[in-house]
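Here are the chains, one letter per residue:
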Amino acid sequence: MTFKPIRTLLSSVALTLAFNTASAETFVFTAIPDEDETKLVERFEGIANYLSEELDADVRYIPVKSYAAAVSAFRNNQVQLAWFGGLSGVQARSLVPGSQAIAQGTEDQAFYVYFVAHSSTGLEREDRLPEEVRGKTFTFGSKGSTSGRLIPEYHIRETFGEAPEEVFSRVGYSGNHTRTLRLVESGTYEVGAMNFAVWEKELEDGNIDTDAVKVIWKTPGFPNYQWSIRGDVDENYGEGFTDRVREALLALDDPELLESFPRSAFIPASNDDYEPIRSVAKEIGIID
């Protein structure tokens, strides 16, 4: 008999209890854990309060521990709305018929990945992925991340014609963008790939040692984060509820809340916007 590690069991129990605190009338949402948990809780508790007022409903944010957990919660109707990355959104919507991408940040139409390197590598910023990254140690973010794994892996394969494990001397997965930054900044990994918005926000807040880590390449743009809603929301919460949620998100203009993402505004989105992500994920074998 195989036993789950006690930490995994406790996490599962805590997550189940959290979901069970929401009544049938509560509208619940989550988000992929792409940054430190304290930042996420502050950001999404603000969104929950905003949506509660706009929808005149009990709206609850529930954090999850992994990208896969966010997708599973959406699939199992433990949450009805989620802030996904491009890849996790494609995965989640494919599991729930009728689900829609309803809003994205203005910046999510053309998102970017920064490849960052520790100063000890001697690598400098170029207009292409430097050949000199070969043989270095490298960290992705989460295995389920668009900007932390999918897009970087695609460009690594395009540049070298090889899998990342063949290009780098060691490959890791940090779990989120903030951790990728810290691992490269400390020299634990020589090179990493991360969400440009997290880098820019950390830089603006004075949280990056620019003598230790620098950007060496910026990818071409791609569609990324979005709000996705389950296809059965109107059936369970009332006719037109999906439209009301969409309208509330598009109307959000609180500068502090938007800055916490950071995004300048939310704009309409559709499933078709993320077809390039689905195609790339299929091409490199992340989805069938």
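As a starting point, this report considers the structure included with it.

Concerning the overall build of the chain
Within the chain, the secondary structure is distributed over 12 helices and 11 strands. Over its C-alpha trace the chain gives a radius of gyration of 19 Å, about what one expects of a compact globule, namely 19 Å for 288 residues. Taking the principal axes of the C-alpha coordinates as reference, the chain spans close to 55 × 55 × 35 Å. In the chain, buried positions account for 51% of the 288 residues. Intrachain contacts of the chain at a sequence separation of at least 6 include 78% that bridge at least 24 residues. Accessible surface computed for the chain: about 13000 Å², of which carbon and sulfur atoms make up 48%. Charge separation in the chain, taken as the distance between the mean sites of 27 positive and 46 negative side-chain charges, equals 7 Å.

Side note on the pairing of strand 6 (residues 137-140)
Neither face of strand 6 is left uncovered, since the one carrying T137 and T139 and the one carrying F138 and F140 both have all their residues buried. With four bridges connecting them, strand 6 and strand 7 (residues 170-173) associate as parallel partners. For T137, the partnering residue across the bridge sits in strand 7 and is R170. Of the pairings in the sheet, the one linking strand 6 to strand 8 (residues 191-195) comprises two bridges and is parallel in character. Within the sheet, the bridge partner assigned to F138 lies in strand 8 and is V191.

A look at helix 4 (residues 86-95)
Burial of helix 4 is extensive: seven of the 10 residues sit out of reach of the surface. The complete set of buried residues in helix 4 reads G86, L87, S88, G89, V90, A92 and R93. Those residues of helix 4 hidden inside the fold are in contact with helix 3 (67-75), strand 3 (81-84), strand 4 (100-105), helix 5 (146-160), strand 10 (226-229) and helix 12 (275-283).

Some words on the packing of helix 3 against helix 4
Two elements in contact, helix 3 and helix 4, have axes whose closest approach is 9 Å; the angle formed by their N-to-C orientations is 25°. Regarding the angle of helix 3 to helix 4, the classification is roughly parallel. In terms of crossing hand, the pair formed by helix 3 and helix 4 is right-handed. Only S88, Q91, A92, R93 and L95 of helix 4 make contact with helix 3, whose side of the interface consists of V71, F74 and R75. In the contact of helix 3 with helix 4, the residues fall into four nonpolar, two polar and two charged.

Observations concerning the pattern of salt bridges
On inspection of all chains with the given rule, the structure shows 16 salt bridges. Note that E124 and K214 form a salt bridge whose closest N and O atoms lie 3.2 Å from each other. With E124 in the loop between strand 5 (113-118) and strand 6 and K214 in strand 9 (residues 213-218), this residue pair connects regions lying 90 residues apart in the sequence. Assessed through its relative accessible area of 45%, E124 is described here as partly exposed. Linking R157 and E153 is a salt bridge whose minimum nitrogen-to-oxygen distance equals 2.9 Å. With R157 and E153 both in helix 5 and four residues apart, the pair spans about one turn of that helix. For E153, a relative accessible area of 5% gives the class buried. The network of salt bridges with common partners includes K39, R182, E185 and E202.

A short note on the environment of R278
Along the chain, R278 turns up in helix 12. Residue R278 is classed as partly exposed on the basis of its relative accessible area of 29%. Each C-alpha atom of the pair R278 and G89 lies 9.6 Å from the other, and the pair is 189 residues apart in sequence. Aside from chain neighbours lying at most four places away, what touches R278 is V90 and I287.

Looking at the nonpolar core
Within the largest apolar cluster, 88 residues are counted, with the highest numbers of intra-cluster contacts made by F44 and W227. With seven residues, helix 2 (residues 37-55) is the single largest residue contributor to this core. Each of two domains, domain 1 (25-109 + 223-284) and domain 2 (113-218), supplies a minimum of three residues to this core.

So, the sheet that holds strand 7
If you trace the five strands from one edge of the open sheet to the other, you get 7-6-8-5-9, paired in mixed fashion. Looking at strand neighbours, the two that pair on one side only are strand 7 and strand 9, the edges of this open sheet. Averaged over all adjacent pairs, the angle separating strand axes in this sheet is 30°, with direction ignored. Sheet topology note: the strand 5/strand 9 ladder contains five bridges and is antiparallel.

Reading the values: the criteria
- Residues numbered from 1 in each chain as written.
- Predicted model: local features only at pLDDT ≥ 70, side-chain atom pairs only at ≥ 80, totals over all residues.
- Heavy atoms only, no water.
- Helix = DSSP H or I, 4+ residues; strand = E, 2+ residues; numbered from the N terminus.
- Rg over C-alpha atoms; globule rule 2.2 N^0.38 Å.
- Buried < 20%, exposed > 50% of the residue type's maximum accessible area, 1.4 Å probe, protein only.
- Contact = heavy atoms within 4.5 Å.
- Areas by Shrake-Rupley, 256 points an atom, 1.4 Å probe, with all protein chains shown as cover.
- Lys, Arg positive; Asp, Glu negative; His and termini not counted.
- Charge placed at Lys NZ, Arg CZ, Asp CG, Glu CD.
- Pairing = 2+ DSSP bridges.
- Axes fitted to C-alpha atoms, helices over the stretch in contact; angles between N-to-C directions.
- Parallel < 35°, antiparallel > 145°, perpendicular 65-115°, else oblique.
- Left-handed = near helix turned anticlockwise from the far one by under 90°.
- Nonpolar A, V, L, I, M, F, W, Y, C, P; charged D, E, K, R; others polar.
- Salt bridge = Lys/Arg side-chain N within 4 Å of Asp/Glu carboxyl O.
- Core = buried A, V, L, I, M, F, W, Y, C linked by side-chain atoms within 4.5 Å.
- Domains from an automatic or database assignment.

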